[in-house]
Amino acid sequence: MTSSLSRYRLRMSPLRRALTTLLLSLIAILFFVPGVLASPLGGWWRLMSAVGLVLSIVGLRIVLGPVIVVRDEGLRIQRNWPLRRDIPWYRIFQVDVIPGFWNLEIELNSGERIALPCVDEVDRLYEELERHRSEIDA
């Protein structure tokens with residue numbers, strides 16, 4: 001059995017994605033890497049530079065990586081990387097479209113409602129969520 005895996009990135013224009021990637025990369029390379037490697041600087045400055053470097057890398061991961069992953073086992077929401085939430089298909093009761101905003105919201109069997117992040121190809125995501133959810137019902 002082959003496993004299907006679909007990844008969805010945050011909705012962002014290509015220009016904004018490129019500029020954000022360039023800005024985060026330049027800040028990391030020009031400010032934080034020298035701060036971590038420079039020997040005459042104090043320990044606190046090195047620590048703050050290391051934290052800034054890690055946050056720049058996390059920012060790049062959020063901008064370039066998937067925020068929603070649809071798998072055979074369930075839905076993975078990675079809104080704040082590295083934190084993620086895995087939701088099996090049997091826990092999803094309903095998928096709703098929020099009118100006017102083109103966002104999706106899922107309702108779990110427990111009554112909890114989770115607003116999904118705004119992603120590219122929201123129509124394809126909705127169709128895929130409904131297909132997986134309806135396979136459980138059948």
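One numbering rule holds for all chains: residues counted from 1, following each sequence as written. Whole-chain, interface and lining totals are the exception, using all residues; otherwise, since this is a predicted model, local features are given only for residues with pLDDT of at least 70 and side-chain atom pairs are given and counted only at 80 or more. Side-chain calculation: all heavy atoms of the structure are included, whereas hydrogens and water are not.

Novice: Describe the pattern of salt bridges, with residues and values.
Specialist: Opposite charge on two side chains allows them to pair when their charged atoms are near. One speaks of a salt bridge when a side-chain nitrogen belonging to Lys or Arg is within 4 Å of a carboxyl oxygen belonging to Asp or Glu. Applying the stated criterion across every chain yields a total of 12 salt bridges. Glu105 serves as the salt-bridge partner of Arg113, at 2.6 Å between the closest nitrogen and oxygen. Relative accessibility thresholds used throughout: buried, under 20% of the residue-type maximum; exposed, over 50%; partly exposed, between the two (1.4 Å probe, protein chains only). In this structure Arg113 comes out as partly exposed when scored by relative accessible area, which is 41%. Of the charged contacts in the structure, one is a salt bridge between Arg133 and Glu130, with a shortest N-O distance of 3.2 Å. Remark: Glu130 and Arg133 occur in helix H3 (residues 122-137); sequence separation between them is three residues, near one turn of the helix. Residue classification places Glu130 among the partly exposed residues on the basis of a relative accessible area of 21%. A single salt-bridge network, built from bridges that share partners, covers Arg71, Glu73, Arg76 and Asp86. Runs of E in the DSSP output that reach at least two residues are strands. Runs of H or I that reach at least four are helices, and both are numbered from the N terminus.

Novice: Quick rundown of the sheet that holds strand E2 (residues 66-71)? Include the residues and the values.
Specialist: Spatial ordering of the open sheet is given by E1-E2-E3-E4, a layout of four strands whose pairing is antiparallel. Each end of this open sheet is capped by a strand with a single partner; those strands are strand E1 (5-9) and strand E4 (85-88). Going across the sheet, the axis of each strand differs from the next one's by a mean of 15°, ignoring polarity. Sheet topology note: the E1/E2 ladder contains five bridges and is antiparallel. By the bridge assignment, Leu5 is partnered in E2 with Arg71. For two strands to be treated as a pair, DSSP must find no fewer than two bridges joining them. With axes taken as lines fitted to C-alpha atoms, and helix axes fitted only over the stretch in contact, angles between N-to-C directions fall between 0 and 180 degrees.

Novice: Tell me about the nonpolar core, and please be specific about residues and values.
Specialist: Buried Ala, Val, Leu, Ile, Met, Phe, Trp, Tyr and Cys residues that are joined via side-chain atoms within 4.5 Å together make up what is termed a nonpolar core. Ile68, Leu75, Ile106, Leu116, Leu125 and Leu129 are the most contacted members of the largest nonpolar core, which totals 19 residues. Counting residues per element, the ones that place at least two in this core are E2, strand E3 (74-77), strand E5 (92-98), strand E6 (103-108) and H3. Two residues qualify as a contact provided that any one of their heavy atoms is within 4.5 Å of a heavy atom in the partner residue. Not counting chain neighbours up to four residues away, the residues in contact with Leu129 comprise Val70, Leu75, Trp89, Val95, Leu104 and Leu116.

Keep in mind that these numbers describe shape and distance, not what the molecule does.
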